[in-house]
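Here are the chains, one letter per residue:
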Amino acid sequence: MERKYELLTDQSQEFHNTKVYRIRALRDVNDYIKKGDFGGYIESENNLSHEGTCWVDDAAIVCGKARVKDNAMVYDNPRIYGHAIIADNAVVSGKAYIYDFALVSENATVFENAHLEDHCHVHGDARVFGTSEISDNANIYGNSAIFDNAMVYENAIVEKLGVVKENARVRGNCRITGIATISSNANIEGGIIDDGDISEHAFIRSNNDYFSLLFIDFDITAYRSFSDYIYINYNRNDNVHLVFRLEEFEKNVKKYKRKIRKKYMHIIKIIKSELKK
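So, here's what we can say about the structure.

So, about the overall build of the protein. Counting its secondary structure elements, the protein contains two helices and 33 strands. When its C-alpha atoms are laid out on the principal axes, the protein stretches across 80 × 35 × 25 Å. Long-range contacts, defined here as pairs at least 24 residues apart, represent 14% of the contacts in the protein between residues at least 6 apart. On the protein, roughly 13,200 Å² of surface is accessible, and the fraction owed to carbon and sulfur atoms is 46%. Here the protein contributes 36 positively and 41 negatively charged side chains, and the mean placements of these two sets differ by 10 Å.

Here you go:
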């Protein structure tokens, strides 16, 4: 195996009381990293494989027993340590922190100020960014996205086109899948959420706490709150987005013309039945 970089012992710094050394390419690594180019900082050659096109660039630091391998790229100013692994075609950038036994693989990207810790796994084409946090045994994959100040932890799964954003908290054994979006201050602790938009005040412990209906020109997601009220999240195709308490929604519907009122009152009846109000 031909070595692709060297550690420069005269260019070092400390991170968490560990000395790390700048690297320099001994050969062309990929289309961007050429022989003689300087890279980021690692503690030892155990942190960056000599195989593949993987690279640590800019001011990035990889140390401890963490490892970057395959064709993974780490650049900008992230910190990767503990036993973390960045593998396959994964990309880590910005000021992300990845540590403990966290694993980023396949085509996943982690950037901005995201934090990954414990035994979490981010893979597929998933994106984690903003100031979001992934921890415990959380599993993020598919084309899902976690961002803003969202947190996903315990045994939660976010997959397919699932989105968790803003100040939402997803935990327990729940699964966010399909085209579901979890936002605002929603708290999801259980159930399989496969569509709909769950946001303000939501507190979902099982599938019995939420119900969604999709129509050609709008969709409605009904869910329970911390105070056990039912909220309606109404999304129209012309970008109208409204959140009501069920009682408020029903009051507004009664002002509609007969044909429209009948349609919505039928929807309300279904929601009450499904959520057993």
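Our next topic: the pairing of strand E32 (residues 230–236). Within E32, six of the seven residues are buried, which leaves the element mostly enclosed by the surrounding structure. One ladder, built from seven bridges, connects strand E31 (residues 218–224) with E32; its direction is antiparallel. Among the inter-strand pairings, Tyr-223 is bridged to a residue of E32, identified as Tyr-231. Hairpin connection of E31 to E32: five residues between the antiparallel strands, including Asp-228 at a positive phi of 75°. Where E32 meets strand E33 (residues 241–245), five bridges bridge the pair, whose relative direction is antiparallel. Paired with Asn-233 across the bridge in E33 is Val-243. Count of turn residues in the E32/E33 antiparallel hairpin: four residues, of which Asn-239 carries a positive phi of about 70°.

On the surface, Leu-161, Ile-179 and Leu-214 cluster together into a nonpolar patch covering about 290 Å² of accessible area. In this structure, Ile-179 sits in the loop between strand E24 (175–176) and strand E25 (181–182). For Ile-179, a relative accessible area of 48% corresponds to the partly exposed category.

So, how was this worked out
- For every chain, the first residue of the written sequence is number 1, and numbering continues from 1 onward in sequence order.
- For this predicted model, a pLDDT threshold of at least 70 governs which residues receive local features, and a threshold of 80 or more governs which side-chain atom pairs are given and counted, while totals over whole chains, interfaces and linings are taken from all residues.
- Each side-chain value is worked out from all heavy atoms of the structure, with water and hydrogens disregarded.
- By the criteria applied, helices consist of DSSP H or I runs no shorter than four residues and strands consist of E runs no shorter than two, each listed in order from the N terminus.
- Throughout, a residue-residue contact means that at least one pair of heavy atoms, one from each residue, lies within 4.5 Å.
- The Shrake-Rupley method, run with a 1.4 Å probe, gives the accessible areas here. Residue values count only the displayed protein chains as cover.
- Note on charges: Lys and Arg go in the positive column, Asp and Glu in the negative column, and His and the chain ends are not counted at all.
- The atom standing in for a charge is NZ when the residue is Lys, CZ when it is Arg, CG when it is Asp and CD when it is Glu.
- Throughout, exposure labels follow a simple rule: accessible area from a 1.4 Å probe, protein chains only, divided by the maximum for the residue type, with under 20% read as buried, over 50% as exposed, and the rest as partly exposed.
- Each pair of strands is called paired provided DSSP finds at least two bridges between the two strands.
- Two joining distances apply to patches: 9 Å for like charges and 5 Å for nonpolar side chains (Val, Leu, Ile, Met, Phe, Trp, Tyr), and every residue must have over 30% relative accessible area and no salt bridge.
- The working definition used for a salt bridge is a side-chain nitrogen of Lys or Arg within 4 Å of a carboxyl oxygen of Asp or Glu.

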